[in-house]
Amino acid sequence: MSDGAALAGPDGALRCPWALSAPEYVAYHDEEWGRPVHGDDALFERLSLEAFQSGLSWITILRRRPGFRAAFADFKIAAVAAFTDEDRERLLADAGIIRNRAKIDATLANARALTEWSPGELDALIWSHAPDPAGRPAPRTLSDVPPVTPESTALSKALKKRGLRFVGPTTAYALMQACGLVDDHLETCVARRAPSAARS
């Protein structure tokens, strides 16, 4: 039984234990999670998927991500904002995504709200809440990783103030982890030493 410390993967390299719970997780953990993500559309995708993940395991979302991208026009903000009532009904009937009415409606509403923002404004707002990386030591076990931080609470409040929905402090922190605002790879995890690669 793991105590939450890094574990050896199939290649012998140490990784965060959650990365070894399903085959799809290894590549996501090694190549995406914790790497800086920039660009309004890319961040809208991550924000939307984290909202859909609420109450579910991330693997459920990861396995459906191709379906989500097909259903939501690759999460292009302008395209999703233009979705009609017919698109909403299509989404509610799409077995390739999570058919949660409240989360679908929030995603559509968020896209419409974001069309009123200036280009780059979502990116700038989210990244303005990145904490000083020197402010917290690298986590040694999973118990050292918080579910919520003051920065994620502030980010949640800032997004809600601007009209976005399904962006509570826990969802905001998951976004910060996934998009590289914080590096929560464990101290001995091979991915912590990997160079970051931004996605735009």
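My aim in this report is to walk through the structure given alongside it, one point at a time. Predicted model, so just to flag it, every value in this text is computed and none were measured.

What counts and what doesn't
Throughout this document, residue positions are counted from 1 along each chain, in the order its sequence is written. Only residues with pLDDT of 70 or above have their local features reported here, since the model is predicted, and side-chain atom pairs are shown and tallied only from 80 upward, although totals for entire chains, interfaces and linings are computed over all residues. Hydrogen atoms and water are omitted, and side-chain values are computed over all heavy atoms in the structure. The aromatic pairing rule takes the rings of Phe, Tyr and Trp, using the six-membered ring of Trp, and pairs them if the centres are within 6.5 Å, calling planes under 30 degrees apart stacked, those over 60 edge-to-face and the rest tilted. Segments assigned H or I by DSSP are reported as helices when at least four residues long, segments assigned E as strands when at least two residues long, and all are numbered from the N terminus. Only buried residues count toward a nonpolar core. Its members are Ala, Val, Leu, Ile, Met, Phe, Trp, Tyr and Cys residues joined through side-chain atoms within 4.5 Å. Remark: exposure states derive from per-residue accessible area (1.4 Å probe, protein chains only) relative to the maximum for the residue type, with buried under 20%, exposed over 50%, and partly exposed in between. Pairs of residues are marked as contacts when any of their non-hydrogen atoms sit within 4.5 Å. Two N or O atoms count as a polar contact when they lie within 3.5 Å, although within protein this holds only if one can serve as hydrogen donor and the other as acceptor, and sequence-adjacent residues are included solely when both atoms are side-chain atoms. Multiplying one less than the number of residues by 1.5 Å gives the expected span of a helix. Here, the arc refers to the directions that run from the helix axis to the C-beta atoms.

## Quick notes on the packing of aromatic side chains
Scanning the model with the defined rule gives nine aromatic pairs in all. Between the aromatic rings of Tyr28 and Trp58, the centroid separation amounts to 5.7 Å while the plane-to-plane angle is 40°, which identifies the pairing as tilted. Separated by 30 residues along the polypeptide, Tyr28 in helix H1 (residues 23–31) and Trp58 in helix H3 (residues 58–71) bring together distant segments of the chain. With centroids separated by 6.0 Å and ring planes inclined at 70°, the aromatic side chains of Phe44 and Phe75 adopt a geometry described as edge-to-face. Of the two residues, Phe44 sits in helix H2 (residues 40–53) while Phe75 sits in the loop between H3 and helix H4 (77–81), which places them 31 residues apart along the sequence.

## Considerations on the nonpolar core
Core analysis: the biggest nonpolar cluster contains 49 residues, and Phe68, Phe72 and Leu159 have the highest contact counts within it. Setting aside anything within four residues of it in sequence, one finds Phe72 in contact with Phe52, Val80, Phe83, Leu91, Ile97, Thr107 and Leu108. Ranked by size, the runner-up nonpolar core spans five residues in total, among them Cys16, Leu186, Cys189 and Ala191.

## Quick word on the side chain of Arg46
As for its placement among the helices and strands, Arg46 is situated in helix H2. Here Arg46 falls in the buried class, since its relative accessible area comes to 6%. Engagement of the side chain of Arg46 in a polar contact is seen with the side chain of Glu32, the distance being 3.4 Å.

## Considering the environment of Cys16
By the secondary structure assignment, Cys16 is in the loop between strand E2 (14–15) and H1. Leaving out residues up to four positions away in the same chain, Cys16 has contacts with His29, Asp184, His185, Leu186 and Cys189.

## A closer look at helix H6 (residues 101–114)
Between the first and last C-alpha of H6 there are 20 Å, a value that for 14 residues agrees with the 20 Å anticipated at 1.5 Å per step. Tucked inside the fold, the buried residues of H6 contact H2, H4, helix H5 (85–92) and helix H7 (121–127). The distance from a side-chain oxygen at the start of H6 to the backbone nitrogen of Ala102 is 3.1 Å, and the residue carrying that oxygen is Asn100.

## Quick word on H5
Residues of H5 that are buried: Asp87, Arg88, Leu91 and Leu92. What you see down the axis of H5 is that its buried residues fit within an arc of 140°, all on one side. Against the buried residues of H5 lie H3 and H6.

These values are about where atoms sit, not about what they do.
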